[in-house]
Amino acid sequence: MLTLRPLATLAMVLGLFWPGGTLAQETVPYTTKAGMLAIGADPERPEMEFFHVAYTMDGADKTTRPVTFLVNGGPGGASIFLHVAAIGPLTIATAGDGSFPPVPARLEPNPDSWIDFTDLVFIDPVGTGYSRMLPRTDGTPGDPKPYYAVDSDMQSIAWFIRQWLTENDRWGSPKALAGESYGGQRVAGLTLILAQSYGINLNRAVLISPALHAEIAETRYSILGPVTMFPTQAAIAAHYGLNEQPKGTEALPQFEEFALTTLTTGLVNLGRTDAAGQEAFFAKVAQMTGLEPSLVARERARVGDQMFAATLLQDKGLLLDRYDGTIATENPIPEVPGLNTFDRSLAVLTGILQPPFMDHLRNDLGYKTSRDYIALNIDANLQWDRASGSGGPDDLAIALAQNSDLKALVVHGMHDLATPYFRTRYMIEQSTVTPEARERLFFGVYPGGHMFYLQKASRAEFAADVRQFYAGIN
């Protein structure tokens, strides 16, 4: 059985744990409810209605049974991805190796659902799923744009959580929040907002492939971007056998050591290194990343995620998916080498998940509406006001320092170029400095990409780790 280790316990490894092992899951009787909840700053004058699906254990003691609220990211994404690909009682039937099933796909019981140790409430923020603004008092349609912003979005989710707890008599339950990608930014911000403004002290927070708000310069003068991207690039190169390194998580400490020593020193001293020294440095980086030395030299060892995805397997006519570097597809525009990427995870996955999910809502749960279910709201994403700094690692660090009952688990896929794991780890190591808070902050990495749970082995390990992480919550 894996023992989760907090950041404070290891001087060199700093609490990084490599998940391993699974835990047999019990099947619990539960009730499923899908519906709308009208919410607003003033609950008596709601402004919008959030669609949600709640799974609650039958006959459970509400004072000890945890309830976990779950959100996806985007921004503009509904909760369908965590719901039927990772955590809900039903999941998409796949081969389990990270590949997508043919359509039409189907749902099957999820042996790795969290339902056996926590109730689950999947939330669709306004403009996603079936969630919409309510009409104004004059009958005109409500405008969602004011909620396409960092702070107002988090406030609306807080309103939902407050209202759901009230209507379901769950204020006395242990409470948890989980979010993926931009949902991780939401979780980081809400751990603080819920406590400070709503009297809701969370017991657990789970950040899945989080895209935390942080100002990381991507210029020729900065080193943090390429240094924190490097371990993921090296891990992807290992996956394709391009650097003679192990394919599993056991190689990550070596990649991190290279990033923090050879790469960092080489970048810092690049301007004062002679031509022979530069050539040797570029060759070392190329050997570890599987790239051509000439490309590494041209990019001055600062190869970004898109360039890496477009060029690593360019000689084979393949492009990598930035969200999962283990997925390679034929280049649809081969005459533009090095400039185009094709993120199949975004382009195809929604169309795999949504049809069986729609059938489940309508036929199994009896929730029928003429509204369009919006799994990904691209317009909302393009309009999003990201000016606020809320939802960064500092928010999570402050919440951990203030709330001694809060524990946070941050997890990533090792092959994810979109939100590289080492960047998040660096940020939370720098932000969470108090020893007592670090004892309650955990970090883990799994084989796979942004949605590492599409690999059944990683999903099973993740579920076992979360079950252990929830132990003692009540």
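Residues numbered from 1 in each chain as written. Predicted model: local features only at pLDDT ≥ 70, side-chain atom pairs only at ≥ 80, totals over all residues. Heavy atoms only, no water.

S.K.: Looking at this structure, I do not really get the pattern of salt bridges. What am I missing?
M.R.: Side-chain pairs of opposite charge can arise where the charged atoms are in close proximity. Under the counting rule described, the total for this entry stands at 15 salt bridges. A salt bridge links Arg65 to Asp119; the shortest N-O distance between them is 2.8 Å. Residue Arg65 is located in the loop between β3 (48–57) and β4 (67–71), and its partner Asp119 is located in strand β7 (residues 119–124); the two are separated by 54 residues in the primary sequence. Residue class for Arg65 comes out buried when judged on its relative accessible area of 6%. We note a salt bridge from Lys456 to Glu108, for which the minimum N-O separation is 3.8 Å. (Salt bridge = Lys/Arg side-chain N within 4 Å of Asp/Glu carboxyl O. Helix = DSSP H or I, 4+ residues; strand = E, 2+ residues; numbered from the N terminus. Buried < 20%, exposed > 50% of the residue type's maximum accessible area, 1.4 Å probe, protein only.)

S.K.: Before we go on, may I ask you to explain helix α14 (residues 456–470) in this structure?
M.R.: Spacing of three or four residues puts side chains on the same side of an α-helix, whose turn is 3.6 residues. Spanning 15 residues, α14 covers 21 Å between terminal C-alpha atoms, matching the ideal 21 Å at 1.5 Å per step. Where burial is concerned, most of α14 is hidden: 12 out of the 15 residues are buried. For α14, the set of buried residues is Ser458, Arg459, Ala460, Glu461, Phe462, Ala463, Ala464, Asp465, Val466, Arg467, Phe469 and Tyr470. Two residues or fewer after α14 comes Gly472, characterised by a positive phi angle close to 80°. (Expected span 1.5 Å × (residues − 1).)

S.K.: How should I be thinking about a nonpolar patch on the surface in this particular structure?
M.R.: On the surface, Leu346, Leu376, Ile378 and Leu382 cluster together into a nonpolar patch covering about 380 Å² of accessible area. Relative to the helices and strands, Ile378 resides in helix α10 (residues 378–383). Looking at Ile378, the relative accessible area reads 51%, which means it is exposed. (Patch = residues over 30% accessible without salt bridge, like charges linked within 9 Å, V, L, I, M, F, W, Y side chains within 5 Å. Areas by Shrake-Rupley, 256 points an atom, 1.4 Å probe, with all protein chains shown as cover.)

S.K.: I keep staring at helix α4 (residues 224–239) and nothing clicks. Help me out?
M.R.: With 16 residues, α4 extends 24 Å between its outermost C-alpha atoms, agreeing within 8% with the 22 Å of an ideal straight helix rising 1.5 Å per residue. Taken across its 16 residues, α4 has 14 buried, putting it largely inside the fold. Immediately downstream of α4, the backbone of Gly241 shows phi near 70°, a positive value.

S.K.: Sorry if this is basic, but what is going on with the layout of surface pockets here?
M.R.: Empty space among the atoms becomes visible once a probe the size of a water molecule is rolled across them. The calculated volume of the largest pocket comes to roughly 1,100 Å³. Lining the largest pocket are 43 residues; nearest its centre among them are Gly74, Ser181, Ala211, Tyr323 and Thr419. At the level of secondary structure, the elements contributing two or more residues to the lining of the largest pocket comprise α3 (182–198), α8 (305–311), α9 (344–364), α10 and α12 (421–431). Ranked by residues supplied to the lining of the largest pocket, first place goes to α9 with four residues. (1 Å grid on protein atoms, 1.4 Å probe; cavity = no way out; pocket = protein on both sides within 12 Å on 5 of 7 lines; lining within 4 Å. Points joined across faces, edges and corners; volume = space filled by probe spheres on them.)

S.K.: Would you explain the packing of aromatic side chains in this entry?
M.R.: Two aromatic rings, taken as a pair, are described by how far apart their centres are and by the angle between their planes. Evaluated as defined, the whole model comprises 26 aromatic pairs. Look at Phe51 and Tyr373: their rings are 6.5 Å apart centre to centre, the planes differ by 85°, and that puts the pair in the edge-to-face class. Residue Phe51 is located in strand β3, and its partner Tyr373 is located in the loop between α9 and α10; the two are separated by 322 residues in the primary sequence. Relative accessible area serves as the criterion here: at 1%, Phe51 is assigned to the buried category. Taken together, a centroid distance of 5.8 Å and an interplanar angle of 80° make the contact between Tyr182 and Trp384 edge-to-face. In this pair, Tyr182 is assigned in helix α3 and Trp384 in the loop between α10 and α11 (393–402), connecting sequence segments 202 residues apart. Taken together, the aromatic side chains of Trp114, Phe117, Phe442, Tyr446, Phe452, Tyr453, Phe462, Phe469 and Tyr470 make up a single cluster linked through ring pairs. Directly above the aromatic system of Phe469 lies the positively charged group of Arg204, at a separation of 5.4 Å from the ring centroid. (Phe/Tyr/Trp six-rings, centres within 6.5 Å; stacked < 30°, edge-to-face > 60°. Lys NZ or Arg CZ within 6 Å of the ring centre and 35° of its normal.)

S.K.: Which parts of the structure should I look at to understand unusual backbone geometry?
M.R.: Trans is the prevailing form of peptide bonds, just as negative phi is the prevailing case for residues other than glycine. With omega at -10°, the peptide bond leading from Gly74 into Pro75 counts as cis. For Pro75, the location among the structural elements is in the loop between β4 and α1 (80–87). Cis geometry is found at the peptide bond from Val103 to Pro104, where omega equals 0°. In this structure, Ser209 is a non-glycine residue whose phi angle is positive, near 45°.

S.K.: How should I be thinking about the nonpolar core in this particular structure?
M.R.: Counting residues in hydrophobic clusters, the biggest one holds 87 residues, and the most contacted among them are Phe69, Ile123, Phe160, Ile161 and Trp164. The dominant element in this core, judged by the number of residues it contributes, is helix α2 (residues 150–167), at nine residues. Discounting residues that sit within four places of it in the chain, Phe160 has contacts with Leu37, Ile39, Phe50, His52, Phe69, Val121 and Ile123. Residues Phe51, Leu120, Phe469 and Ile473 belong to the second largest nonpolar core, which totals 50 residues. (Core = buried A, V, L, I, M, F, W, Y, C linked by side-chain atoms within 4.5 Å. Contact = heavy atoms within 4.5 Å.)

S.K.: Help me understand the pairing of β7, please; the structure alone is not making it clear to me.
M.R.: In summary, the side chains of a regular strand alternate between the two faces of the sheet. Of all the six residues making up β7, six are buried; the element is thus mostly covered by neighbouring parts of the structure. Burial along β7 is two-sided: the residues Asp119, Val121 and Ile123 and Leu120, Phe122 and Asp124 are all buried. The sheet contact formed by β4 and β7 spans four bridges and is parallel. Residue pairing in the sheet places Leu70 in a bridge with Phe122 of β7. (Pairing = 2+ DSSP bridges.)

S.K.: Please explain the environment of Gln245 as it appears in this structure.
M.R.: Mapped onto the elements of the fold, Gln245 is located in the loop between α4 and α5 (252–268). Note: C-alpha distance between Gln245 and Ala234 (11 residues apart in sequence) is 8.6 Å. When neighbours within four sequence positions are excluded, Gln245 is seen to be in contact with Ala238, Gln254 and Phe255.

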